[in-house]
Amino acid sequence: MELTTKEHFMKEAIAEAEKARAIGEVPIGAVVVLDGKIIGRGHNERETTHDATTHAEMAAIREANKHLSNWRLEDAELFVTLEPCPMCSGAIILSRIKKVYYGAADLKGGTAGTLMNLLQDARFNHQAEVETGILHDECQALLQTFFKELRLKRKEENRKHLRRMN
């Protein structure tokens with residue numbers, strides 16, 4: 001796959017991440033691609049749904065499964081803005097996704113090469129190829145900006161609370 005094609009699909013994942021950010025969610029987005037077409041999209045919705053399993057990857061995989069009427073995504077590729085967590089890596093393995101591209105590494109929870117590499121562990125019956133760093137700076141900036149704004153918002157809320165108490 002040419003780099004420009006990879007960038008195109010990562011930009012689609014970034015657009016999903018922006019949807020998450022717009023509703024106050026951690027801005028992570030994902031798309032599942034098969035034969036050069038997006039068949040699944042998703043973004044984080046944990047805060048909105050109060051459901052710990054509503055990660056971007058999970059939503060994109062579910063949509064792709066419905067699109068194909070099949071749980072197997074053997075020739076599909078996943079583009080995600082942040083390195084998958086253990087749950088999402090498990091879903092990737094179980095759905096037999098062929099290749100995973102991610103933008104930013106997750107130093108605290110990444111299981112596609114950072115903390116561990118579940119996706120390429122030969123003990124599982126399926127492994128996925130992994131390529132990192134696709135539009136890394138854009139993906140990382142989305143997260144850094146979101147958390148910086150969140151910290152500033154919380155700091156201001158604490159100041160207001162203290163002023164009311166005095």
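Every chain's residues receive numbers from 1 upward, in the order its sequence appears when written. Per-residue local features are limited, in this predicted model, to residues with pLDDT of at least 70; the limit for side-chain atom pairs, both in listing and counting, is 80 or more; totals at the level of whole chains, interfaces and linings are taken over all residues. As a rule here, side-chain values come from all non-hydrogen atoms in the structure, and water together with hydrogens is ignored.

Taking an unreviewed UniProt entry as the reference, the protein chain is identified by name as tRNA-specific adenosine deaminase belonging to Jeotgalibaca porci. UniProt positions are given in the numbering used here, feature names are shortened, and annotations may be inferred rather than shown by experiment. Quoted verbatim from the Subunit (unreviewed entry) field of the UniProt record, the comment on the protein chain reads "Homodimer."

Novice: Sorry if this is basic, but what is going on with the nonpolar core here?
Specialist: Side chains that are nonpolar tend, in soluble globular proteins, to be buried together. Membership of the largest hydrophobic core comes to 44 residues, with the highest contact counts inside it found for Met10, Val32, Leu78 and Ile92. Strands here mean DSSP runs of E at least two residues long; helices mean DSSP runs of H or I at least four residues long; both are numbered from the N terminus. Taken together, the elements giving at least two residues each to this core come down to helix 1 (3-22), strand 1 (29-34), helix 3 (56-68), strand 3 (77-82), helix 4 (86-95), strand 4 (99-104) and helix 5 (136-165). Dropping the residues within four chain positions of it, Met10 is found in contact with Phe79, Val80, Thr81, Tyr101, Tyr102, Gly103, Ile134, Leu135 and Cys139. The term nonpolar core refers to a set of buried residues drawn from Ala, Val, Leu, Ile, Met, Phe, Trp, Tyr and Cys, joined through side-chain atoms within 4.5 Å. Relative accessibility under 20% of the residue-type maximum defines a buried residue, over 50% an exposed one, and the middle range a partly exposed one, all with a 1.4 Å probe and only protein chains included. The criterion used for residue contact is that any of the two residues' heavy atoms lie within 4.5 Å.

Novice: Please explain the sheet that holds strand 2 (residues 37-43) as it appears in this structure.
Specialist: Strand pairing within a sheet occurs via backbone hydrogen bonds; the two strands may be parallel or antiparallel. What the 5 strands build is an open sheet, ordered 2-1-3-4-5; its pairing is mixed. The sheet is open, and its two edges are formed by strand 2 and strand 5 (129-132), each paired on a single side. Between one strand axis and the next, the sheet turns through 20 degrees on average, direction left out of account. When DSSP locates at least two bridges between a pair of strands, those strands are taken to pair. Bridge count between strand 3 and strand 4: 5 bridges; the pairing is parallel. For Val80, the partnering residue across the bridge sits in strand 4 and is Tyr102. In the packing of helix 3 onto the sheet, the strands contacted are strand 1, strand 2 and strand 3, and the crossing angle to strand 2 comes to about 140 degrees. As a rule, the C-alpha atoms of each element are fitted with a line to give its axis, helices using only the stretch in contact, and angles between N-to-C directions run from 0 to 180 degrees.

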